[in-house]
Amino acid sequence: MNLPKLATTIVGSYPQPEWLIDRERLKNRLPPRVRAADLWRIPVPMLAQAQDDATIIALYDQERAGIDVLGDGEMRRESYSNRLATSLSGIDIDNPGVAMDRTGAANPVPRVTGPIRRISAIESHDIALLKQYTTRPIKITIPGPFTMTQQAQNDFYPSDEALALDYADAVNAEAHALFAAGVDIVQLDEPYLQAQSNKARAYAVKALNRAISGVSGKTALHICFGYAHVHKGAAKPNGYSYLEELEDTAIDIISIEAAQPHVDLAVLRKLPTKTVMLGVIDLNDPAVESAKIVAERIRAALPHIPAERLMIAPDCGMKYLSRETAFGKLKAMVEGTKLVRAELG
């Protein structure tokens, strides 16, 4: 995988078409942790094909915008985590549990009633579609073991750490299958490292290293303060309570939200061996950034990290934006990156 300097990518999600999913209902509820089949507009016999078509559209938009590393846009998911989390053994699908969301509200979650195991392919078969429709490098996202532990009701394991380690084994099996299918980067989504930083310090590094043990390709990890749409009106901290700890993991790339919260980028010095996927697109601002603003946000990182260890991305997933806004922001991100590349020579 040969990438240009300051390679651009998306974090994970891209807006799903209105004809595919009920976007208004999706926006007006907490992100689903359990299955939410009622959100789909397409009957089950035709749903997989419709999700394929939406994925092709997401790829097309990314290529038109000039993105270097493409994702599937998470078109098959009701949320970033529930597709994988509800496909494992040990989960009582019919009788969910309850856990507190990052907003402080109770949300139905997977209820763990037995050993967590990966029992079949979950996302690896999706890679063939991506490879059929693009020759660019591809990335796919899966929820990480720590976040899935926080998003579950544990009625089986003696401790959350024990649950997280079995989640890690399931993630590891899926990651191996994804690389075998031909993906270039597997990204673990771990927003709860920030939300539950004290718990994370107890066992998250151990679980994360177990989740990527022995994999054959590049790995990434996304950590953020939560979707801008979900946390409307809530001020975000301008620093991470859990970030430098990730230097002790075997993860190659750390993806951070930096634009909206105005994170002090000096913290990048505490990740001296990692490539950083820098969030330069504010998803709370409905206006499309100018290339100049994007370039300024990239330049702000360069005193703290060499360009060779920097990738460029939005702050977080873009699923709650309109397609027009999301595409405009991606296009601006690419144009701003080109300005900085030209300066670097």
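Located above this text is the structure these notes cover.
Predicted model only: the values in this text are computed from it and were never measured.

Scanning the chain from terminus to terminus reveals 10 helices and 11 strands. At 19 Å, the chain has a C-alpha radius of gyration in line with the 20 Å of a compact globule built from 345 residues. Dimensions of the chain, computed from the C-alpha atoms along their principal axes, are close to 55 × 45 × 40 Å. Counting only residues that meet the buried cut, the chain has 59% of its 345 residues in that class. Considering the chain, the positive charge centre built from 39 side chains and the negative charge centre built from 42 side chains are found 2 Å apart.

Strand-to-strand pairing in sheets goes through backbone hydrogen bonds, with the strands running parallel or antiparallel. With parallel pairing, 6 strands are arranged side by side in an open sheet as E5-E7-E8-E9-E10-E11. Both outer strands of the open sheet, strand E5 (139-143) and strand E11 (310-313), are each paired with one neighbouring strand and no more. Neighbouring strand axes in the sheet, compared pairwise and without regard to direction, differ in orientation by 25° on average. Relative to strand E10 (residues 275-279), strand E9 (residues 253-256) runs parallel, the two sharing 4 bridges. Counted as the bridge partner of Ile 253 is Thr 275 from E10.

What follows deals with the packing of aromatic side chains. Applying the stated criterion across every chain yields a total of 3 aromatic pairs. Relative to Tyr 203, the ring of Phe 146 has its centre 5.5 Å away and its plane inclined at 50°; by these criteria the two rings are tilted. Remark: Tyr 203 occurs in helix H8 (residues 197-211) and Phe 146 occurs in helix H5 (residues 145-150); sequence separation between them is 57 residues. For Phe 146, a relative accessible area of 0% gives the class buried.

This part takes up the pattern of salt bridges. Counted according to the given criterion, the structure contains 26 salt bridges. Note that Arg 210 is salt-bridged to Asp 169, the shortest N-O span being 2.9 Å. One end of the pair, Arg 210, is in helix H8; the other, Asp 169, is in helix H6 (residues 160-181), and 41 residues separate them in sequence. Arg 210 sits in the partly exposed class, given a relative accessible area of 34%. Among the residues examined, Asp 169 registers a relative accessible area of 35% and is labelled partly exposed.

Quick look at the sheet that holds strand E6 (residues 153-154) now. Strand order in the open sheet formed by 3 strands is E1-E4-E6, and the pairing between neighbours is mixed. If you trace the sheet from one side to the other, it starts and ends with strand E1 (88-91) and E6, each paired once. Pairing of strand E4 (residues 111-118) with E6, which is carried by 2 bridges, proceeds in the parallel orientation. Bridging from a neighbouring strand, Arg 111 pairs with Gln 153 of E6. Of the strands in this sheet, E1, E4 and E6 touch H6, which is tilted by about 35° from E4.

Burial analysis of E5 places 5 of its 5 residues in the buried class, the great majority of the element. Burial of E5 is two-sided: the residues Lys 139, Thr 141 and Pro 143 facing one way and the residues Ile 140 and Ile 142 facing the other way are all buried. Taken together, the 5 bridges between E5 and strand E7 (residues 185-189) define a ladder with parallel strand orientation. If you follow Ile 142 over to E7, its bridge partner there is Leu 188.

Quick notes on the rules
Residues numbered from 1 in each chain as written. Predicted model: local features only at pLDDT ≥ 70, side-chain atom pairs only at ≥ 80, totals over all residues. Heavy atoms only, no water. Helix = DSSP H or I, 4+ residues; strand = E, 2+ residues; numbered from the N terminus. Rg over C-alpha atoms; globule rule 2.2 N^0.38 Å. Buried < 20%, exposed > 50% of the residue type's maximum accessible area, 1.4 Å probe, protein only. Lys, Arg positive; Asp, Glu negative; His and termini not counted. Charge placed at Lys NZ, Arg CZ, Asp CG, Glu CD. Pairing = 2+ DSSP bridges. Axes fitted to C-alpha atoms, helices over the stretch in contact; angles between N-to-C directions. Phe/Tyr/Trp six-rings, centres within 6.5 Å; stacked < 30°, edge-to-face > 60°. Salt bridge = Lys/Arg side-chain N within 4 Å of Asp/Glu carboxyl O. Contact = heavy atoms within 4.5 Å.

What is shown is where atoms sit, not what they do.
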